[in-house]
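# Analysis of the macromolecular model
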Amino acid sequence: MVRTLSNKFHYVILAMLCTAGFSARSSLANELADKMLKEASELARDGAYEDSAKVYSDAIRLDPENVTAYVDRGLVWVELGKHARALLDFDRAVELAPKDIRARFHRGVTWHALHDEERPKKDLHFVTELEVEKAEGFRIRGDAWSHLHQISDAKLLLEDNYEYVANAVKDYGKAIKLSPKDAVTYGKRGFGWMVLGKSHKALEDLSEAIRLNPSDWEAYYDRSQLYEYALPDQEKAKADLQKNIELYDAWQSFRNGVQLSRSGKHEAAINSLSQSLRGDPHRARAYLYRGRSFAAQGDLDKAKLDYDKAIEIEPSDARAHYQRGALLAATGSFEKAILDYGKAVEFDPLLAEAYINRGLASGALGEHQKAIQDLQTGITLGPDNPEALF
């Protein structure tokens, strides 16, 4: 189970903040908040939305002016169907940073979900007028144009309405130029090409989205519709639609498996995650969580195989390297464990557990100076970790 800072060791953090000087207190609070944001984002990525919201709330208590924390917690509330709570977070983010593109966009979309007609347009038009430089900015601005098309559908002259889509496609193109491996943006531009009747361009983009992310069930669905109506090929349409269903079901099984694994119900978790992997063998995190559950049951060989597979699919996953390092250390392979812990902190410099366990592994090898240095770093980043407080 992933340990969060919202537990009894949270009081250690609060005590440290209370006794530190103002400058040190502010710096420590910001570092801990950043660590929590990484953890909360990881939980949201895995579909553990309730737990993610709790960790975001912990981060906001430490850093009450963190715009990213409010926006991301708002997105979690949306996933949980709590749109009114999401609006409160988006409002606070806009109050803190009136030109924050994410806050403005998601507030507009959330107002639309609550059937408001005017406030979504105000926020979305504001987004389309923002100057952006990075790929994410162009993608979000493209999303704003696309959403304005949805809101205005059947209310504008055809040429005016489709101009929104054309602008979205242009912004998605700029985002792709800056970030050519972004599967999501290829999928969005592909759908835009479909709306504009550019079927072959749509096919090219949707196929690229699927190549970059074989787990993208939405791209499979859109391509199935393309094959069904614009580029008639019933066999391909049927195959893509079937793949869409399999991947969506696999995602639901993955979410269920994550919750079961985090709850300590490891046998059920293994069954659910195995079902997910049968439908989607490309999801690295499914191997990671199943590996954790195998390890919890004492089946270290199967756990090691799953960690290896997770890293093969997603080599920069800090948690996968950390988990494999912990398994290697548990079996006495301290040198190999240290290598994995090193990869973990390379990909996530705020992962306190990796520093602490690398320190313990170095200590087991008699490398006491390295051990002390890592343990000190780990304690600074994660004073909630009891293994370092010996």
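Relevant structure appears above.
Summary of the structure given here. The structure displayed is predicted, hence computed values, not measured ones.

Here we take up helix 5 (residues 83–96). In this model helix 5 runs 20 Å from its N-terminal to its C-terminal C-alpha over 14 residues, within 8% of the 20 Å that 1.5 Å per residue would give. When we look at burial in helix 5, the residues that qualify are Ala 86, Leu 87, Asp 89, Phe 90, Ala 93 and Val 94. Down the axis of helix 5, the sector holding all buried residues measures 165°, keeping them to one side. Away from the buried face of helix 5 by more than 90 degrees, exposed residues Ala 84, Leu 88 and Glu 95 are located. Buried residues along helix 5 sit against helix 4 (67–79) and helix 6 (101–113).

Evaluation of the coordinates by the stated rule reveals 6 aromatic pairs. Ring geometry for Trp 217 against Tyr 248: centres 5.6 Å apart, planes inclined by 80°, an arrangement best described as edge-to-face. Pair noted here: Trp 217 is in helix 12 (residues 217–230) and Tyr 248 is in helix 13 (residues 234–262), with a separation of 31 residues, a long-range link. Relative to Tyr 341, the ring of Tyr 322 lies with its centre 5.9 Å away and its plane at 40°, an arrangement referred to as tilted. Placement of the pair is Tyr 322 in helix 17 (residues 318–330) and Tyr 341 in helix 18 (residues 334–347), with a sequence separation of 19 residues. When sorted by exposure, Tyr 322 lands in the same class as Tyr 341, which is buried. A connected cluster of aromatic rings, assembled from ring pairs, spans Trp 217, Tyr 248, Trp 251, Phe 254 and Tyr 289. Positioned above the aromatic ring of Trp 77, the side-chain terminus of Arg 85 is 3.9 Å from the ring centre.

Between helix 4 and helix 5, the least distance of the axes is 8 Å, while the angle of their chain directions is 165°. By the angle between their axes, helix 4 is roughly antiparallel relative to helix 5. For the crossing formed where helix 4 meets helix 5, the hand is left-handed. Contact with helix 4, carried on its side by Val 67, Tyr 70, Val 71, Arg 73, Gly 74, Leu 75, Trp 77 and Val 78, involves His 83, Arg 85, Ala 86, Asp 89, Phe 90, Arg 92, Ala 93 and Leu 96 of helix 5 and no other residues of that element. Residues belonging to the contact of helix 4 with helix 5 are distributed by class as follows: 10 nonpolar, 2 polar and 4 charged.

Right, let's talk about the environment of Arg 262 for a bit. Note that Arg 262 resides in helix 13. Within the structure, the side chain of Arg 262 is placed 2.8 Å from the side chain of Asp 51, a separation counted as a polar contact.

Between side chains of opposite charge, pairing is possible as soon as their charged atoms come close. Counted according to the given criterion, the structure contains 32 salt bridges. The shortest N-O distance in the salt bridge between Asp 72 and Arg 102 comes to 2.5 Å. Of the two residues, Asp 72 is situated in helix 4 and Arg 102 in helix 6; the sequence distance between them amounts to 30 residues. For the pair formed by Asp 72 and Arg 102, the shared burial category is buried. Between Asp 123 and Arg 104 there is a salt bridge; the shortest N-O distance is 3.1 Å.

This part is about the packing of helix 19 (residues 352–364) against helix 20 (residues 368–381). Viewed as axis vectors pointing N to C, helix 19 and helix 20 meet at an angle of 160°, and their least axial separation amounts to 7 Å. Comparing the axis directions of helix 19 and helix 20 gives the class roughly antiparallel. Note on packing geometry: the crossing formed by helix 19 with helix 20 is left-handed. Contacts between helix 19 and helix 20 pair Ala 352, Tyr 355, Ile 356, Arg 358, Gly 359, Leu 360, Ser 362 and Gly 363 from the former with His 368, Lys 370, Ala 371, Asp 374, Leu 375, Thr 377, Gly 378, Ile 379 and Leu 381 from the latter. Counted by class, the contact of helix 19 with helix 20 contains 8 nonpolar, 6 polar and 3 charged residues.

The terminal C-alpha atoms of helix 20 lie 20 Å apart, and with 14 residues this matches the ideal 20 Å at 1.5 Å per residue to within 8%. Buried residues of helix 20: Ala 371, Asp 374, Leu 375, Gly 378 and Leu 381, and no others. All buried residues of helix 20 fall inside an arc of 130° around its axis, so they share one side. The exposed set on the far side of helix 20, more than 90 degrees from its buried face, consists of Gln 369, Gln 373 and Gln 376.

This part covers a nonpolar patch on the surface. Taken together, Tyr 221, Leu 241 and Ile 245 make up a surface patch of nonpolar side chains, about 250 Å² in accessible area. Locating Tyr 221 in the fold gives a position in helix 12.

Moving on, we get to unusual backbone geometry. Most peptide bonds take the trans form, and the phi angle of most residues other than glycine is negative. Not every positive phi belongs to a glycine, and His 115 is a case in point at roughly 70°. Here His 115 shows up in the loop between helix 6 and helix 7 (119–128).

How each quantity is defined
Residues numbered from 1 in each chain as written. Predicted model: local features only at pLDDT ≥ 70, side-chain atom pairs only at ≥ 80, totals over all residues. Heavy atoms only, no water. Helix = DSSP H or I, 4+ residues; strand = E, 2+ residues; numbered from the N terminus. Expected span 1.5 Å × (residues − 1). Buried < 20%, exposed > 50% of the residue type's maximum accessible area, 1.4 Å probe, protein only. Arc of directions from axis to C-beta. Contact = heavy atoms within 4.5 Å. Phe/Tyr/Trp six-rings, centres within 6.5 Å; stacked < 30°, edge-to-face > 60°. Lys NZ or Arg CZ within 6 Å of the ring centre and 35° of its normal. Axes fitted to C-alpha atoms, helices over the stretch in contact; angles between N-to-C directions. Parallel < 35°, antiparallel > 145°, perpendicular 65-115°, else oblique. Left-handed = near helix turned anticlockwise from the far one by under 90°. Nonpolar A, V, L, I, M, F, W, Y, C, P; charged D, E, K, R; others polar. Polar contact = N/O pair within 3.5 Å; in protein donor to acceptor, adjacent residues only side chain to side chain. Salt bridge = Lys/Arg side-chain N within 4 Å of Asp/Glu carboxyl O. Patch = residues over 30% accessible without salt bridge, like charges linked within 9 Å, V, L, I, M, F, W, Y side chains within 5 Å. Areas by Shrake-Rupley, 256 points an atom, 1.4 Å probe, with all protein chains shown as cover.

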